[in-house]
Structures are given as structure tokens and as C-alpha cells.
Amino acid sequence: MQTLKRTFAFIYLSMMCGLVAAQENAIQSISANQQGSNIVVKVALKNPLVKPPIGFSITNPARIALDFAGTANATGKGVQDIGLGDVRNVNVVQAGDRSRLVFNLTRPLNYATTVEGNAVIITIDGTGGLATAVNASGLPVAAPQINMGSGRQALRDIDFRRGNNGEGRIVVELPNNQVALDVRQQGKKIEVDFMKTTVPDVLRRRLDVADFGTPVNIITTQQQGENVRMTIEPKGLWEHSAYQSDSQLVIEVKPLKEEANKLGQGVRDYRGEKLSLNFQNVEVRAVLQVIADFTGLNIITSDTVSGNVTLRLKDVPWDQALDIVMQAKGLDMRKNGSVLWIAPRDELLTKEKLELEQRAQIAELEPVKTETFQLNYQKAESFKQVFGIDGGNRSILSKRGSAVVDPRTNQLFITDIPSKLEEIRALVQKTDVASRQVMIEARIVEANDTFSSSLGAKLSFGVQQNRFNLGGNQPDATTGLSPPIPNSSSVNLPASIAGNTAGTVALTLFNAAATKFIGLELSALEADGKGKIISSPRVITADQLKALIEQGTELPYQQATSSGATSVSFRKANLKLEVTPQITPDGNVILDVDVNKDSVGIETRAGFAIDTKHVKTQVLIDNGGTVVIGGIFQQTERTSISKVPFFGDIPVFGNLFKTTGRTNDKTELLIFLTPKILTDKVSIR
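Residues numbered from 1 in each chain as written. Predicted model: local features only at pLDDT ≥ 70, side-chain atom pairs only at ≥ 80, totals over all residues. Heavy atoms only, no water.

### As for the overall build of the protein chain
A tally of regular secondary structure across the protein chain gives seven helices and 39 strands. The 685 residues of the protein chain split such that 40% are buried. Of the roughly 38,400 Å² of accessible surface on the protein chain, a fraction of 51% belongs to carbon and sulfur atoms. (Helix = DSSP H or I, 4+ residues; strand = E, 2+ residues; numbered from the N terminus. Buried < 20%, exposed > 50% of the residue type's maximum accessible area, 1.4 Å probe, protein only. Areas by Shrake-Rupley, 256 points an atom, 1.4 Å probe, with all protein chains shown as cover.)

Put into C-alpha cells, the structure is as follows:
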């Protein structure tokens, strides 16, 4: 026990010594003053810094954050008021072995830092332009320059590319990663200033890139004193972003898609909160730590992630900034909830490949098990193709799996590894469900002209209904419904057609509330003798299963055989209703209807002829609604003349000696169909 206590005491002292060693430096004071339009902040430290602070800026809310590694907060307070220009105050937060300074601004501003002895001097440019670092005396500090053979450094190349989403991408090859840049939007143009640089004559030109199909129209590069200015002229609706990776500057101009109700809003690939980063040769792990603190995500970085990166990002979404860093260093990530694992791309692919190989080896060595699945609604034989018993695809089973189907007990016997058994169990639970039932009630009516006119008039006055007619008035292009017909009924026979028989199809749709009203009207009209209801069959069938109901007689007829003799065969003269329902996801019913109305015709030497009336169609109807199929219209016209011979043939006066009679009979076969989706507790009465 004493040994254990000494061990814990040693560990505790070691941790405290390590923490003290890690925090051997401290922030002692923070002072600020205004020099012209700039605000200069001096941070006094106990000891000189080993590494310069890592900083980044946020647009909304406007903030500048600086991280001091291995530094404690010795100021004795967490907030210090500044109140100069657009700088309100600064927050000092210590987290572990590092401290963060957060400057709260009234608007986004640029900044620059320099280290001088035990002090860090932060210059915040109050004009919104490029900030220039100054020393303790307020004099500008020149950035280190790398000469390219002449007195000043020169741009190496300027290239234009078109992105996959139609964005224009200007790529500038800088002489080194220490070139000072100023990227800003001036009106409808983008201006980029390269400080203390020159541009070769071959790059000093005006590029017309309108043919690339991007928002960028013209790019002009020219020398202006000691600096180089690039002017980008886009067109239409656009937004821009700029980032620097080592010695390469990329400026992207993305098109914005204009919406009907949201002008100026576009569809963007990156939706993270925007931030600005300005790093010069900083470690990649430190940049990832800054993004993790900004987003609040948990980032796990592999030990193999190393190297430095130079970034200058202005108002870029954080997820795009993370993508830029990973692309620059060949990294990739895997996300699990709020945890991001970042590692080299090859390392992640190798690890995933090893995991897949291990799973395959486990599947080869894992013991198999046998499980029985009892099917309640589906037939076991329907799973033969699923398990490859009848030569189907065996993709659902592993190489070592097997399946036995028992039709007598309606069971499945599966032998396979446990993971495959879980997949089969999920498949059976999803497919072995009761099919929904549909009851189709039909009324087949032989109607004359008086019947259909009376029914249409009563329905028109009785309920407000929508009509969908095949033929006649054209439907409205917006609603899909036929326009109202003045002084007409909803169910009406076709117009007079010369000849004996004509076939037509017309549909009139009623909602579920009018179904009972239709039944009462049919009964009333049948009692008045205006129509004849041939039959009212009802049939119940499952979803997407064909149902057939028929009634009639079989008529004999003689048929010659191959030996020359005659035999007696039979033909059906039936009333047949064949219907296949399909329940739609929104609760409606699609009906495939096939109706035959056969009757005995005239007698011939070979037997009786069969008069056939056939209607076949597909309709969509609400649950409980009624569809009317009007087909096989028949019209008979007769003219009979009785006259006195000779006198009846005299012109004009012959009308006094003859009688003329004309009859015009119209009949039509009307079929009323009402589908009703049944529930488990419904009873048929």
C-alpha cells in the first residue's frame, strides 16, 4: 500500500513539474495605443517566445484570436478593455498549457504580428486594408524578402482554370511564401496587390477568359510602382474566396444561382461558418488545432501527420479551409459523429483495406449456425430464387451458406455465419407482412338515354364533383379537370351517331362521400324503370393480385374433328369482371379493369352466335370513391311507312293517305366501380 502511494505521488509530482515546465512563460501585461488609423497592442511576456503565436480571424462575429503555446495568464484578469477605434476589448483565456487572446472588433479588420524580445506587437489596421507589422518604436518591420537574381522578386506564372462547378480559378505562382498580399473587392471588381514584386513582360497582359463559361470575364495584370496589381472583372452574380498554399495563390470566383424568391442567394458546396487564416510556415497540426477550437469538433490527428504549411485565407468557410489543408498535404478524414480522424490518405486506405481483409478472413473461419424462419404470410417457395435454389443469385448467402425450403410447414432452414443470418432475419421481417385487402364493388347497368340524363342531372344537383372525360371537352392544363358543361349532366350518353353500334369510353370520378348517394340513385332509377341493373358483384382481393368473377352460360356448337366427324364443344356467354387493384402510397387505388358482357345472339347452322361487349381500361380513384365506365353505346333508328297504294305516292297530297313512324333507341352499358381498402378489423356485410 505504501509503495502504491509513493508511486501515485511520484506520478503527480512528475505531472506538476511537466505542467510548470510547459508553462514556464506567462503573459504579464497587455497595453494598447493608437497610431493614426492603426491600433498597436503590446503583449509583455515573462520570457521570449520560442514560437510566434498562431492566429486566425472570424468575420461574424468580428474577432481576432492568437494562441500562445506554453504560456500562462499572469495578468490576473480575463477581460481587458481597449476602446480604441474598432477594437472593443480583449479576452485572455488559459486552457491547459496555452493561452488565447481574443480581440473583439466592431467589424472585420486585418492584423499583423511581430516578436521583439519579450514582447509580441500586434498591429490592427483600422482602414480595413492590409496591415503592416511595426516594432516597439512604431516603425514598420520589413518582411523577409528572397531575391530572384535581381533587386526585386517577380511573379513566376499566372494561369486560369475552370472548376467542376463552373467557378473561375486564377492560380498565381509566387516567387516564395513571404510575399505580402492584399485581396479586396472594389465595386464589381476584385483587386489583388502583390507588395514589393514585379511582373515579367510575358505576364503583363490582359486576358479575355469569357469563353470558359465562368463568372470571370477579364483578368488584367500590370505594374504599379513597386507593386503588381491584378484586376479581375467578373459578370453576373458571384462570390469570391482566396487562399494561399506555400508559394501558390488561388482566387476562386463562384457563380450564384438566382432563385425566384431569394435573389442573390446561391447554392454552395461549403456551408461552414466563415473564418480568415494567415499562417506563415506553421505546423499542419497547429492549423488543425485552430480549426478544432473554432468548430468545437473533436479532431484526432494521426502521428504521421507532419510538415508545415503557409496559408492566407480570407472569409472562407471552415470546412473549405480544412479541405484545402488536407489537399495540400495529401490528407483525408473519416467522420464518426462529432469526431474527425485525420491521417494521410494512403494510411486510411491501407487501414480500411486491412479491415475488409480481416472481415473476409473471419467469415471464412467463423463457425456457421442454423436458424429456422417461420413464414406467416409469404410462401416459402417464393424465397427459392432469393437463396439460389432454382439457379437464382446467391448474393444474400455467403460462400459457405445453404438454404432449405419446406413448403409443407412454410419454413426456411438457413445455415450460414451469424452476420448473414442477421441480414436474412431483417429481410424476412420486412417482406413477410400481410398484404392489404381491397374490396371492389361493381354495378353493371344497361341504361337508356332517359336513365343517363336523369342520373346525371340528379348527381349534378346533389353533389359538387370533379369530372375527367376521355373525349369531348378538353381538360384544363392547370387542374387536369374538364371545364363545366352548361345545361348537361355528369353521366350522359354520347351524341347521336349514324349507324347501329358505336363504342365509347367516358369516365366520371366521384369522391368517397358521394358513393352512398350514387347507390341510392341507381336503386331509385331502377324502380322507375329507366334502367336495368344486370348484376352487382363484389370481390375481395389482395393488393396487386388479379380477381375474377363471372356468371353466365355455356353454349354448345358443333366442331369438325381431324377424322371428319363432328364433336360438340362449348363457348361461354358470360358476364365477367376481371380487376387488379394497386394501392398507392398516398392511399388511392389504381384499377386495371377488364369487363365482358356477352349475350346469346341469333341461331345459325353451327350454333348460337354470341354478342360480345368488352371494356378494358385503367383508372385512378380515391379510396371509397366511384368510377363510372361508360362504354359500348348502341343506337337503333327505325322508320316505318303505312300508305294507300297509288294515292300515297302522289307528291304533297300523298301525305294524306299514308302514316310515317320513326323510333330512335339509345342504350349504353355503364359500369360503376367502387374500391375500398379494408383494415384488419373491417367486416363485410
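### Re the nonpolar core
Core analysis: the largest hydrophobic core is formed by 34 residues, its most contacted members being Phe56, Leu277, Val287 and Leu322. Of all the elements in the fold, those that place two or more residues in this core are strand E3 (54–58), strand E22 (274–283), helix H2 (284–295), strand E24 (308–317), helix H3 (318–328) and strand E26 (339–344). Among the elements that line this core, the one with the most residues is H2, at seven residues. Other than its neighbours up to four places away in sequence, Val287 contacts Phe279, Val282, Val309, Leu311 and Val325. Judged by nonpolar contacts, the second largest core, of 25 residues, contains Val199, Val228, Ile232 and Ile251. (Core = buried A, V, L, I, M, F, W, Y, C linked by side-chain atoms within 4.5 Å. Contact = heavy atoms within 4.5 Å.)

### Quick look at the confidence of the model for the protein chain
In this model, the protein chain carries an average pLDDT of 75, and 77% of its residues clear a pLDDT of 70 or more. Counting interchain partners and residues more than four positions distant, the pLDDT-below-50 stretch residues 143–150 has eight contacts. Counting contacts from residues 259–268, a segment whose pLDDT is below 50, to residues more than four positions away or on other chains yields twelve contacts. (pLDDT = per-residue confidence, 0-100.)

### What to know about the pattern of salt bridges
Overall, the coordinates contain 26 salt bridges when judged by the stated rule. In this structure, the salt-bridge partner of Arg156 is Glu173, at a minimum N-O distance of 3.9 Å. On the criterion of sequence distance, the pair formed by Arg156 in the loop between strand E11 (153–154) and strand E12 (157–162) and Glu173 in strand E13 (residues 168–173) is long-range, its members being 17 residues apart. Glu578 is the salt-bridge partner of Lys546, the closest N and O atoms lying 3.7 Å from each other. Taken together, the residues span a long stretch of sequence, with Lys546 in the loop between strand E33 (538–542) and strand E34 (547–560) and Glu578 in strand E35 (residues 566–583) at a distance of 32 residues. Given a relative accessible area of 18%, Glu578 falls into the buried group. The structure contains a network of salt bridges with shared partners spanning Asp182, Arg184, Glu191, Asp193 and Arg229. (Salt bridge = Lys/Arg side-chain N within 4 Å of Asp/Glu carboxyl O.)

### Quick word on the sheet that holds strand E19 (residues 227–234)
Here five strands make up an open sheet; going across it, the order is E14-E15-E19-E18-E17 and the pairing antiparallel. The open sheet terminates on both sides in strands that have one partner only, identified here as strand E14 (181–186) and strand E17 (206–208). When the angles between neighbouring strand axes are averaged without regard to direction, this sheet yields 15°. Of the strand pairs in this sheet, E17 and strand E18 (residues 216–224) are connected by three bridges, and their pairing is antiparallel. The residue bridging Asp208 from the neighbouring strand is Ile218, located in E18. (Pairing = 2+ DSSP bridges. Axes fitted to C-alpha atoms, helices over the stretch in contact; angles between N-to-C directions.)

### Digging into H2
Relative to the 16 Å expected for twelve residues at 1.5 Å per residue, H2 spans 17 Å between its end C-alpha atoms, a close match to the ideal helical length. Taken together, the buried positions of H2 are occupied by Val284, Ala286, Val287, Leu288, Val290, Ile291, Ala292 and Phe294. Gly296, located one to two residues past H2, shows a positive phi value of around 80°. (Expected span 1.5 Å × (residues − 1).)

### Here's the deal with the sheet that holds strand E27 (residues 369–374)
The three strands lie next to each other as E27-E29-E28, forming an open sheet whose pairing is antiparallel. The open sheet is flanked by E27 and strand E28 (402–406), the only strands paired with a single partner. Going from strand to strand, the sheet's axes swing by 15° on average, the running direction of each strand aside. Note that E28 and strand E29 (residues 411–416) share five bridges and pair antiparallel. Paired with Val404 across the bridge in E29 is Phe413.

### Some points on the environment of Gln222
Within the secondary structure, Gln222 is located in strand E18. Through-space distance from the C-alpha of Gln222 to that of Arg205 is 7.1 Å; in sequence the pair is 17 residues apart. Contact partners of Gln222, with chain neighbours within four places excluded, come to Val199, Arg204, Val228 and Arg229.

### What to know about H3
Among the eleven residues of H3, eight are classified as buried, and the element is accordingly described as predominantly covered. For H3, every residue scored as buried is listed here: Trp318, Gln320, Ala321, Leu322, Asp323, Ile324, Val325 and Met326. The positive-phi residue at the C-terminal boundary of H3 is Gly330, with phi of around 65°.

### Some points on a nonpolar patch on the surface
A contiguous nonpolar patch, built from Val644, Phe646, Phe647, Ile650, Val652, Phe653, Leu656 and Phe657 and spanning about 850 Å² of accessible area, is present on the exposed surface. In this structure, Phe647 sits in the loop between strand E38 (626–643) and strand E39 (658–678). (Patch = residues over 30% accessible without salt bridge, like charges linked within 9 Å, V, L, I, M, F, W, Y side chains within 5 Å.)

### Notes on the packing of aromatic side chains
Inspection of every chain in the model, using the stated rule, returns one aromatic pair. When the centroid spacing of 5.1 Å and the interplanar angle of 80° are considered together, the rings of Phe160 and Phe212 count as edge-to-face. Placement of Phe160 in strand E12 and of Phe212 in the loop between E17 and E18 is noted, with a sequence separation of 52 residues between them. For Phe160, a relative accessible area of 10% translates into the label buried. (Phe/Tyr/Trp six-rings, centres within 6.5 Å; stacked < 30°, edge-to-face > 60°.)

### Here we look at the side chain of Asp416
If you trace the backbone, Asp416 turns up in strand E29. The buried charged residue Asp416 lacks any salt bridge, with Lys420 as its nearest oppositely charged partner at 6.6 Å. There is a polar contact of 2.3 Å between the side chain of Asp416 and the side chain of Ser398. Dropping the residues within four chain positions of it, Asp416 is found in contact with Val368, Lys369, Leu397, Ser398, Gly401 and Leu421. (Lys, Arg positive; Asp, Glu negative; His and termini not counted. Polar contact = N/O pair within 3.5 Å; in protein donor to acceptor, adjacent residues only side chain to side chain.)

### Concerning the pairing of E24
Most of E24 sits inside the fold, with seven of its ten residues counted as buried. Alignment of strand E20 (residues 238–245) against E24, held across two bridges, turns out to be antiparallel. Bridged to Ala242 within E24 is Lys314. Alignment of E22 against E24, held across seven bridges, turns out to be antiparallel. Across the sheet, the residue bridging to Lys274 is Pro317, located in E24.

### Some thoughts on unusual backbone geometry
Negative phi is the rule for most residues except glycine; trans is the rule for most peptide bonds. Of note in this structure, Lys196 is not a glycine but carries a positive phi near 55°. Along the chain, Lys196 falls in the loop between strand E15 (189–194) and strand E16 (197–198).

### Some thoughts on the environment of Asn574
Mapping Asn574 onto the fold places it in strand E35. With 20 residues separating them along the chain, Asn574 and Glu554 place their C-alpha atoms 7.9 Å apart. With near-sequence residues (within four places) excluded, Asn574 lies in contact with Glu550, Gln551, Gly552, Thr553, Asn596, Lys597 and Asp598. Within polar-contact distance, the side chain of Asn574 engages the backbone nitrogen of Thr553 at 3.1 Å.

### A few points about the packing of H2 against H3
Taken N-terminus to C-terminus, the directions of H2 and H3 make an angle of 165°; their axes are 11 Å apart at the nearest point. On the basis of the axis angle, H2 is roughly antiparallel to H3. With respect to the hand of their crossing, H2 and H3 are arranged in left-handed fashion. From H2, Val284, Val287, Leu288, Ile291, Phe294 and Thr295 reach across to H3, where they touch Trp318, Ala321, Leu322 and Val325. (Parallel < 35°, antiparallel > 145°, perpendicular 65-115°, else oblique. Left-handed = near helix turned anticlockwise from the far one by under 90°.)

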